[in-house]
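Listed below, chain by chain, are the residues.
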Amino acid sequence: MTPAIKDKVKAFVIENFLFGDSAYELADDASLIENDIIDSTGVLELVAFIEDGFGIVMADADIVPQNLDSLARISAFIEAKAAVPVSA
């Protein structure tokens, strides 16, 4: 997991879902859904952040907990998508 990607995602989560509470202990593998950090609307905000912040187009099939439920999963997803060349 690239630290720069994880740090950018973590900053977004803290600012938008924890209302700037940087004292909250957010582990890399903690479930954002099970810990009530994000809900369905939050997932949509997260998708928009990923698309805008990293230039990734997310298909409906990409919007699943396996890709978006923790800092580690989000970072791994972004790294994997960024490594795949976009076909024209």
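**Some remarks on helix α1 (residues 3–17)**
Now for step 1: Across its 15 residues, α1 extends 20 Å between first and last C-alpha, which sits within 8% of the 21 Å expected from 1.5 Å per residue.
Now for step 2: Every buried residue belonging to α1 is among I5, K6, V9, F12, V13, I14 and F17, and all of these are buried.
Now for step 3: Following α1 by one or two positions, F19 adopts a phi angle in the positive range, close to 50 degrees.

**Some details on the pattern of salt bridges**
Now for step 1: A full pass over the atoms with the stated rule returns three salt bridges.
Now for step 2: The salt bridge involving K6 is made with D28; its shortest N-O contact spans 3.6 Å. Taken together, the residues K6 in helix α1 and D28 in the loop between α1 and α2 (40–54) connect sequence positions 22 residues apart.
Now for step 3: Residue K6 is classed as buried on the basis of its relative accessible area of 16%.
Now for step 4: The class for D28 is partly exposed, based on a relative accessible area of 27%.
Now for step 5: D62 is paired through a salt bridge with K81; the nearest N and O atoms lie 3.2 Å apart. Taken together, the residues D62 in the loop between α2 and α3 (65–68) and K81 in helix α4 (residues 71–83) connect sequence positions 19 residues apart.
Now for step 6: The partly exposed category is assigned to K81, whose relative accessible area is 30%.
Now for step 7: When salt bridges with common partners are traced through the structure, they connect K6, D7 and D28 into a single cluster.

**Details of the packing of aromatic side chains**
Two aromatic rings, taken as a pair, are described by how far apart their centres are and by the angle between their planes.
Now for step 1: Throughout the structure, instances matching the rule amount to three aromatic pairs.
Now for step 2: Ring centres of F12 and F17 lie 5.7 Å apart, and the angle between their planes is 85 degrees; on these two criteria the pair is classed as edge-to-face. For the pair F12 and F17, a shared accessibility class is recorded, and that class is buried.
Now for step 3: Relative to F49, the ring of F12 has its centre 4.0 Å away and its plane inclined at 10 degrees; by these criteria the two rings are stacked. With F12 in helix α1 and F49 in helix α2, the pair connects residues that are 37 residues apart, well separated along the chain.
Now for step 4: Residue F49 is classed as buried on the basis of its relative accessible area, which comes to 14%.

Each value, and the rule that gives it
Residues numbered from 1 in each chain as written. Predicted model: local features only at pLDDT ≥ 70, side-chain atom pairs only at ≥ 80, totals over all residues. Heavy atoms only, no water. Helix = DSSP H or I, 4+ residues; strand = E, 2+ residues; numbered from the N terminus. Expected span 1.5 Å × (residues − 1). Buried < 20%, exposed > 50% of the residue type's maximum accessible area, 1.4 Å probe, protein only. Salt bridge = Lys/Arg side-chain N within 4 Å of Asp/Glu carboxyl O. Phe/Tyr/Trp six-rings, centres within 6.5 Å; stacked < 30°, edge-to-face > 60°.

The values are spatial; any link to function lies outside them.
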